[in-house]
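Tertiary structure, described
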Amino acid sequence: MRFFNTEGPNRPENHYTLPPLSRWDLGEILALIDQKKYFLLHAPRQTGKTTCLLALMEHLNQEGRYRALYANLEGAQAYRERLDPAMATIVTDIAAAAGVWLGDREPARQAAAILASTPPGSALGVFLTQWCQGATQPLVLLLDEVDALIGDTLLSLLRQLRAGYPQRPTAFPQTIILCGVRDLRDYRIHASSEREAITGGSAFNIKAESLRLGDFSAAETRTLLLEHTRETGQVFTPEALDRVWELTQGQPWLVNALAYRACFKLPAGRDRTQPITVELIDQAKEAMIVERVTHLDQLAHKLQEPRVRRVIEPILAGTALGEVPTDDRDYLVDLGLLRRDGAGGLVVANPIYREVLPRMLASGPQDSLPQISPTWLNADGSLNPQSLLTAFLAFWRRHGQPLLGSVAYHEIAPHLVLMAFLHRVVNGGGALEREYAIGMGRMDLCLRYGAVTLGLELKVWRDREADPLVEGLEQLDGYLAGLGLDTGWLVIFDRRSNQPPIAERTACRTATSPQGRPIAVIRA
């Protein structure tokens, strides 16, 4: 029986799959190959790049005009900037791939002889020249995980390919496709002597195009999910189909992971006589986030990179990006963390990532929280919002100051500590939803626990800024209206210099919003 795949390339006999080449403009790619172009394919991790490259190799070899070969260069990453073993690994891996995919053992014999007599730093160019000179068809080389290489290793690879470029197709590959997560402009190579940055583009200025493999469309997402229905007869409710698209925005790994968990791991989903409902999809989503499945854990690791932090921190804080370099913004788009919406602005790529980013960042303070008795619960286990407010004020006065120091993202440290506290409150019995937008100066939180829904707006009062109370009340009105609520919390974190300690300045009073809603205004 086939299933939704979350590990490695898709195999149609084992996995539900979309036709891989339908995700590209195949005509454009074939035209570039016919024109003897060298070009790039890039996309975020686990979006189907390898599946598409393997399908392209098969298509070209069946067509018969070219001999196409896929090779993965990730094995050389372990050697980092140790040029000789790294380049030797690249040569032997390409030669071994010819044996695996083409059944051709001659390249391996050629590679062994060349590595025995040629400095590894030039062995790749010599090997490709010798191989192509003896070939009866032009070679198309598909090199995957190129951006896993760094420093002198990557520089040597790019420059050897550039040096052989004029000899194509009789003494060098007709076309080479370099594939990775990032666009070539972001291949930053440092000369080991002066540590001066050399961009990948300058080392590979023969690049004709840089193509990006996109996420699934809404229609493609639905088509993939319905493969399961055709295979097993188990249906997705219309609301469940819509929910998968809403949560993932077509990110291929997320689509497959949600569907696999809902259909093959959750007990209710394994009963093929029962439909896959929106409740099952939501259970699958929550379980993935709580378990920090591999894909989401990799995203969390990226959050520690300084260039990622420079972009993500103001987005979560709702402030403008200011002078954040374009390259940093494009880097996060290439990683798939962000996307540009229809108006051209940057937004978090999908609701699951929007949930994961602050939750991962809040995990440090959450692990640092002291034991807190659930005084916010009524005798019947329901949530008491007034008791929750009292408990938070007591918690913040006592623990807020030391916990702020446990957060790497200093600009949003109070937000993350508050979210850590609220996660302790919901603790599997509820949900905490977040909304934020660049330039709005706010983060909105919605806590749902049983029959209770609580809307919160978080604002920061910084030096040389006006008190955000009036703006916050107006913005909170709009948020509460969308939730259908008559009251909520406005939390104002005072980050101005020379303020009294948190324990002394934390207070709460009731204010009336412009639309007449009673609002608990917490100054923390």
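Residues numbered from 1 in each chain as written. Predicted model: local features only at pLDDT ≥ 70, side-chain atom pairs only at ≥ 80, totals over all residues. Heavy atoms only, no water.

1. Describing helix α19 (residues 413–426)
Compared with an ideal rise of 1.5 Å per residue, which puts 14 residues at 20 Å, α19 spans 20 Å between its outermost C-alpha atoms and is within 8% of the ideal. The buried fraction of α19 amounts to 13 of the 14 residues, a majority that puts the element mostly inside the structure. A positive backbone phi angle near 40 degrees is found at Asn 427, which sits one or two residues after α19. (Helix = DSSP H or I, 4+ residues; strand = E, 2+ residues; numbered from the N terminus. Expected span 1.5 Å × (residues − 1). Buried < 20%, exposed > 50% of the residue type's maximum accessible area, 1.4 Å probe, protein only.)

2. Section: the nonpolar core
In this structure, Leu 296, Leu 338 and Leu 447 are the most contacted members of the largest nonpolar core, which totals 100 residues. Among the elements that take part in this core, α19 stands out by supplying 10 residues, more than any other. In contact with Leu 338, not counting residues within four places along its chain, are Val 311, Ile 312, Ile 315, Leu 332, Val 333, Leu 346, Val 347, Val 348 and Ala 349. With 35 residues, the next largest nonpolar core counts Ala 86, Ala 95, Cys 132 and Ile 176 among its residues. (Core = buried A, V, L, I, M, F, W, Y, C linked by side-chain atoms within 4.5 Å. Contact = heavy atoms within 4.5 Å.)

3. Some details on the sheet that holds strand β13 (residues 488–494)
The mixed open sheet is built from six strands, whose spatial order is β10-β11-β12-β13-β15-β14. For this open sheet the edge positions go to β10 (430–436) and β14 (507–512), each flanked by a neighbour on one side alone. Strand-to-strand twist of the sheet, defined as the mean angle between neighbouring strand axes without regard to direction, takes the value 25 degrees. Summarising the sheet, β10 and strand β11 (residues 443–449) pair through seven bridges and their orientation is antiparallel. (Pairing = 2+ DSSP bridges. Axes fitted to C-alpha atoms, helices over the stretch in contact; angles between N-to-C directions.)

4. Here we look at the environment of Asp 104
Along the chain, Asp 104 turns up in the loop between α3 (83–102) and α4 (106–117). According to the relative accessible area criterion, Asp 104 is buried, its value standing at 14%. Separated by 195 residues in the primary sequence, Asp 104 and Leu 299 have C-alpha atoms spaced 39 Å apart. Discounting chain neighbours no more than four positions away, the residues touching Asp 104 are Arg 67, Ala 98, Gly 99 and Trp 131.

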